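# Residue-level structure breakdown
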Amino acid sequence: STSSKRIVLLRAAVGLGKSAALAGVALRLFRDRPTARSLALVPRALQSQFADRLKRIEVPACIVDRYVFRELLDVPSDVAIWPAGTVSILSVDFAKQEDVRDSLAQCHWDMLFVDESHFAGSSRTEAIRRIGKSAERIILSTATPDPVQLSRLFPSEDITVVGWQRDQIVDLDGKPLFAASPRVLHEISFAFNEEEISLREAVTELGDLLGGDSDVMKWRPAVVASAADSSPAALEGVLRRLLARMAPLDIPDEELDFLDDPAERATTGQLEVGASEEDVSAIARRALQRLEEVKVDSKLSAFSTLLAGMTQRGGPARKTVILTEFTATLFYLAADLEEHKNRPLLVHGGMTFDERVRSLHEFSSVGEILVATRTMVEMAVDFRNATDLILYDVPRFRRTLAQVLGRFDRIGRATELNIYVFKATNASDWPSLESLELLQKSRVGSDEGSQR
């Protein structure tokens, strides 16, 4: 619409057609202006999907990587190197690299698309903001808009918001396309043993020392606590990284962007501490010692009991997705599943894109159990046939959980989704996460886990 503002934010849940809307706008653009220049910044995992969607409706599109970018630079030209009459599709992490970003910012864009525009990280935000200055029109697309991120990108008064809900998606007869498929929330209760309680006391003491005023220092205590809540494997990794990071390390930003768990980001680089390094080292080593004294992982025992009950339950075949925050926890759970004669499929950031696609395809066709980190959110995955979602670690933020749930709430889901979360009955510091509000709107089951 010529009457809308320069920037439009499309806001709708995952699976409700935002990408189709972007493709429709691109089609309209090139029908009216065949020589227009258009740029699409998307997560790397969605590049091929977005290109295929455009090509199906005969919109010219080209995925640009480092190799293609060099080819564009080698073509003699007195005008912008970026081709007209097509949509150039780049991953945000490629576009933020300095030489690419500067080239994009120097070109006039008739239309800039930013798909899944909930990007974290100052370098991504800065790249989108700088490139956006040279765009005539901008369309942002996200399931979970972050007001803080948006304010860093563009002034709110320059943005028109267009949103829609599940119950607004209907067929030609006005009937809802989404069948009723309620979520059923099951809280799996367990209790920490004495060794685990002693370990948590040391972790709390360490977190108190790591607190501070900077963004990194504010985040580190939460990371250590999250690792302790997740698994012994995740906690050990965090503690050992803390002990190894007392000296400055030069870690490139682009390398950190692809790490799965926030602990790897927050415990990499120079360790800024308010207390002395000796105090931090002493308590971290004490926590490692107490970790070695833990012989029974109560949360894992509750998980194993849950899986055994689900396996023995009669009825149709089940397809179960298990979500973790930490890559170390993913391998920890995979080992436990294999020990109990299960064959889990894995999806995590350490795999190549093709490996993740193969794993997801196998799960969709014949697999029964998938263990994944949050990297699955960046994939074009469809879990409408999954029967169970086990949140071994509940995503800390509501935005992330909404993105996860959107992979399950798809057009065509015919059955309810069972969601399982773990609750420690004897831990007053068990995290109360903002994301849990989304789950607590579901009907709650009365399952109980291992009581130890």
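Scroll up to find the structure this text is about.
Summarised in this report is the structure supplied together with it. (Residues numbered from 1 in each chain as written. Predicted model: local features only at pLDDT ≥ 70, side-chain atom pairs only at ≥ 80, totals over all residues. Heavy atoms only, no water.)

### A short note on the overall build of the protein
For the record, the criterion: Here a strand is any run of E in DSSP of at least two residues, a helix any run of H or I of at least four, and the numbering for each starts at the N terminus. For the exposure calls, accessible area comes from a 1.4 Å probe over protein chains only, and a residue counts as buried if that area is under 20% of its type's maximum, exposed if over 50%, partly exposed in between. Residues count as neighbours in contact if any of their non-hydrogen atoms are within 4.5 Å of one another. A 1.4 Å probe and the Shrake-Rupley method give the accessible areas. Residues count as covered only by the protein chains that appear here.
Assigned secondary structure in the protein consists of 18 helices and 14 strands. Within the protein, buried positions represent 51% of all 452 residues. When contacts within the protein are restricted to residue pairs at least 6 apart in sequence, long-range pairs at least 24 apart make up 81% of them. Split by element, the accessible area of the protein, about 21500 Å² in all, is 50% carbon and sulfur.

### Some words on the pattern of salt bridges
When the charged atoms of two side chains lie near each other, side chains of opposite charge can form a pair. Let me state the cut-off plainly: The term salt bridge refers to a side-chain nitrogen of Lys or Arg lying within 4 Å of a carboxyl oxygen of Asp or Glu.
All told, the structure shown has 16 salt bridges when counted by the stated rule. Note that Arg-130 is salt-bridged to Asp-102, the shortest N-O span being 3.2 Å. Of this pair, Arg-130 sits in helix H6 (residues 122-132) while Asp-102 sits in helix H5 (residues 98-106), placing them 28 residues apart in sequence. Its salt-bridge partner being Glu-126, residue Arg-129 comes within 2.8 Å of it at the nearest N-O pair. One end of the pair, Arg-129, and the other, Glu-126, are both in helix H6, three residues apart, so they sit about a helical turn from each other. Overlapping salt bridges, with partners in common, bring together Arg-33, Asp-110 and Glu-136 in one network.

### Some words on the packing of helix H10 (residues 232-244) against helix H15 (residues 327-339)
Heads up, the condition is: Between N-to-C directions, angles span 0 to 180 degrees; the directions come from axes that are lines fitted to C-alpha atoms, helices contributing only their stretch in contact. Two helices crossing with the near one rotated counterclockwise from the far one by less than a right angle form a left-handed crossing, whereas a clockwise rotation gives a right-handed crossing. Polar here means any residue outside two lists: the nonpolar Ala, Val, Leu, Ile, Met, Phe, Trp, Tyr, Cys and Pro, and the charged Asp, Glu, Lys and Arg; Gly therefore counts as polar.
Taken N-terminus to C-terminus, the directions of H10 and H15 make an angle of 145 degrees; their axes are 7 Å apart at the nearest point. The chirality of how H10 crosses H15 is right-handed. Only Ala-328, Thr-329 and Tyr-332 of H15 make contact with H10, whose side of the interface consists of Pro-232, Ala-233 and Ala-234. Classifying every residue of the contact of H10 with H15 by side-chain character gives five nonpolar, one polar and no charged.

### Here we look at the nonpolar core
For the record, the criterion: Grouping buried Ala, Val, Leu, Ile, Met, Phe, Trp, Tyr and Cys residues that are joined through side-chain atoms within 4.5 Å yields what is termed a nonpolar core.
Counting residues in hydrophobic clusters, the biggest one holds 28 residues, and the most contacted among them are Leu-41, Trp-82, Leu-90 and Leu-104. One finds Val-321, Val-347, Leu-370 and Phe-408 within the second-largest nonpolar core, a separate group that totals 27 residues.

### Some remarks on a negative patch on the surface
Spelled out, the test is: Here a patch means residues that are over 30% exposed by relative accessible area and free of salt bridges, tied together within 9 Å if like-charged and within 5 Å if nonpolar (Val, Leu, Ile, Met, Phe, Trp, Tyr). Charged residues are defined narrowly, with Lys and Arg counted positive, Asp and Glu counted negative, and His plus the chain ends left uncounted. To locate a charge, take atom NZ for lysine, CZ for arginine, CG for aspartate or CD for glutamate.
Taken together, the side chains of Glu-194, Glu-195, Glu-292 and Glu-293 present a region of like negative charge at the surface. Tracing the chain through its elements places Glu-293 in helix H13 (residues 277-293). The class for Glu-293 is partly exposed, based on a relative accessible area of 40%.

### Some remarks on the side chain of Lys-18
The cut-off we apply is this: N or O atoms closer than or at 3.5 Å make up a polar contact, with two conditions inside protein: a donor-capable atom paired with an acceptor-capable one, and, for residues adjacent in sequence, both atoms drawn from side chains.
Along the chain, Lys-18 turns up in helix H1 (residues 18-32). Of the polar contacts made by the side chain of Lys-18, one reaches the backbone oxygen of Ala-12; its length is 3.0 Å. Once residues within four sequence positions are removed from consideration, Lys-18 is found in contact with Leu-10, Arg-11, Ala-12, Ala-13, Ser-141, Thr-142, Ala-143 and Trp-164.

### Describing the sheet that holds strand S3 (residues 61-63)
Defined as follows: DSSP-based pairing: two strands are paired if at least 2 bridges between them are found.
The sheet built from seven strands is open, its strands ordered S3-S4-S2-S5-S6-S1-S7 with parallel pairing. Pairing within the sheet leaves two strands with one partner each, and these edge strands are S3 and strand S7 (159-163). Sheet twist, expressed as the average angle between the axes of neighbouring strands with direction ignored, equals 20 degrees.

### Observations concerning unusual backbone geometry
Positive phi is not limited to glycine here, since Glu-58 has a value of about 65 degrees. Within the element layout of this structure, Glu-58 appears in the loop between helix H2 (47-56) and S3. We classify Glu-58 as exposed; its relative accessible area is 72%. For Lys-341, which is not glycine, the phi torsion reads 70 degrees and is therefore positive. Structurally, Lys-341 is set in the loop between H15 and strand S10 (345-347).

### Here's the deal with the packing of aromatic side chains
The cut-off we apply is this: Each pair of aromatic rings taken from Phe, Tyr and Trp, with Trp reduced to its six-membered ring, is defined by centres within 6.5 Å and is described as stacked if the planes are under 30 degrees apart, edge-to-face if over 60, and tilted in the remaining cases. Two thresholds decide whether a charge sits over a ring: the Lys NZ or Arg CZ must be within 6 Å of the ring centre and within 35 degrees of the ring normal.
Across all of its chains, the model carries eight aromatic pairs by this definition. Plain terms: the ring middles of Phe-69 and Trp-82 are 5.8 Å apart, the flat faces sit at 25 degrees to each other, and that makes the pair stacked. A residue pair is termed long-range when its members are at least 10 positions apart, and Phe-69 in helix H3 (residues 66-74) and Trp-82 in the loop between H3 and strand S4 (86-91) qualify at 13 residues. Here the aromatic rings of Phe-190 and Phe-192 are separated by 5.3 Å at their centres, their planes lie at 85 degrees, and the arrangement is edge-to-face. With relative accessibility at 0%, the residue Phe-190 sits in the buried group. The ring of Tyr-392 has Lys-299 sitting right over it, with the charged end atom 4.1 Å from the ring centre. Between the NZ or CZ atom of Lys-319 and the centre of the ring of Phe-363, over which it lies, the distance is 4.7 Å.

### Topic: the pairing of S4
Extensive coverage of S4 is indicated by the burial of six of its six residues. Both faces of S4 are covered, namely the face carrying Thr-86, Ser-88 and Leu-90 and the face carrying Val-87, Ile-89 and Ser-91. Relative to S4, S3 runs parallel, the two being bridged by three bridges. If you follow Ala-61 over to S4, its bridge partner there is Val-87.

### Let's talk about the environment of Ala-427
Its location among the elements puts Ala-427 in the loop between strand S13 (417-424) and helix H18 (436-440). Spatially, the C-alpha atoms of Ala-427 and Arg-200 are 9.3 Å apart, while their sequence positions differ by 227 residues. Setting aside residues up to four positions removed in sequence, Ala-427 forms contacts with Phe-192 and Arg-200.

### A closer look at the packing of helix H14 (residues 298-312) against H15
For the record, the criterion: The scheme is simple: roughly parallel for angles under 35 degrees, roughly antiparallel for over 145, roughly perpendicular for 65 to 115, oblique for anything else.
Interaxial distance between H14 and H15 falls to 11 Å at its minimum, and their mutual angle equals 45 degrees. The orientation of H14 with respect to H15, classified from their angle, is oblique. Seen along the crossing, H14 lies across H15 with a hand that is right-handed. Every residue of H15 that contacts H14 at Leu-300, Phe-303, Ser-304 and Leu-307 is listed here: Tyr-332, Leu-333, Asp-336 and Leu-337. Looking at side-chain class alone, the contact of H14 with H15 contains six nonpolar, one polar and one charged residues.

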